[in-house]
Amino acid sequence: MAKIKQSLAWWCFGRFMESADLIQHASSLGYAGVEMAPQEVWQPVVDSGMKVITIAGHQSLSDGLNKRSNHDRIEKEINESLATAVKWGIPCLIVFSGNRNGIDDKEGQDNTIDGLKRVAKAAEDAGVTLVLELLNSKVDHHDYQCDRTDWGVEVCKAVDSSRVKLLYDIYHMQIMEGDVIRTLRNNIDYIGHFHTAGNPGRNELDDTQELYYPAIMKAIAATNYDGYVGQELVPKGDALAALKQAYQVCDV
């Protein structure tokens, strides 16, 4: 069983402590890297022995790949982000379907497929994975189109690239679908990254929420998955305690 490699979402923890302290604590706890961090901390992160694991591939979560008029802009932005990722050794760029805004699911899916096909070869050449994020449209991201695993998997199948996969956010998909372990086992070949958080509330991975992360992590570790699991929870209390507790829960 492969050991889970863990990262942390900077926006969740960076607000609670100084950058140098967060980097030092994360490194000492065993985290492999940080995600979505401001560029000014990248060098200190690397100097600590960690990596920058994800950055956004393009602008706008809500105005994304499901609209053809965005494709020229997004292709340019992704190509620029790929160059940055190569320079810094960043393995994944996060990309987004965008909101529906009246676009039906089939049309949005076709548009997203075509948009990703435009950049798949560049991602392959760069050795960087584009991860299409699954988000809930029920609580946090109303009208977001890539809100179900099967919709995203069909996109990945149609693009047919080893460098276009899903970001399976466990918190978001628990809200939309549940059945997390069966779903990730059945679709692991199309998953390039994971995010965590407790539900309800998007907080610590503790006994106040309905997801049992030890079993979920063991299920991931038992597959052929060799990517990262990013802690994207918002601490209710002590941020360092939350950072430590999340690492320990997922350290399988």
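See the structure printed just above.
Residues numbered from 1 in each chain as written. Predicted model: local features only at pLDDT ≥ 70, side-chain atom pairs only at ≥ 80, totals over all residues. Heavy atoms only, no water.

Let's talk about the overall build of the protein
Formally: The numbering of helices and of strands both runs from the N terminus, where a helix is a DSSP run of H or I of at least 4 residues and a strand a run of E of at least 2. Here the globule rule is a power law, 2.2 Å times the number of residues to the power 0.38, and the radius of gyration is based on C-alpha atoms. Categorising residues by exposure relies on relative accessible area from a 1.4 Å probe, with only protein chains included: less than 20% of the type maximum marks a residue as buried, more than 50% marks it as exposed, and the intermediate range marks it as partly exposed. Residue contacts follow a heavy-atom distance rule, with two residues in contact if any of their heavy atoms lie within 4.5 Å. Only the protein chains shown count as cover for residues, and all accessible areas are computed by the Shrake-Rupley method using a 1.4 Å probe. Under the counting rule used here, the positive set is Lys and Arg, the negative set is Asp and Glu, and His together with the chain ends is not counted. Each charge is placed at NZ for Lys, CZ for Arg, CG for Asp and CD for Glu.
A count of helical and extended segments in the protein gives ten helices and eight strands. Rg of the C-alpha trace for the protein: 17 Å, near the compact-globule value of 18 Å for 252 residues, within the 12% margin. Structurally, the protein occupies a C-alpha span of about 45 × 40 × 35 Å along its principal axes. Out of the 252 residues in the protein, the part that is buried amounts to 55%. Residue pairs in contact within the protein that sit at least 24 positions apart in sequence constitute 77% of those at least 6 positions apart. Element-wise, carbon and sulfur atoms account for 47% of the exposed surface of the protein, whose accessible area totals about 10,400 Å². One finds the centroid of the 25 positive side-chain charges in the protein at a distance of 3 Å from the centroid of its 36 negative side-chain charges.

With respect to the nonpolar core
Quick note on the threshold: Throughout this description, the term nonpolar core refers to a set of buried Ala, Val, Leu, Ile, Met, Phe, Trp, Tyr and Cys residues connected via side-chain atoms within 4.5 Å.
Core analysis: the largest hydrophobic core is formed by 81 residues, its most contacted members being L116, L130, I170, F194, I216, M217 and I220. Sorting elements by how many residues they give to this core places helix α10 (residues 239-250) first, with seven residues. Apart from the residues lying within four places of it in its own chain, the contact partners of I220 are I4, I170, L184, F194, Y225 and V229.

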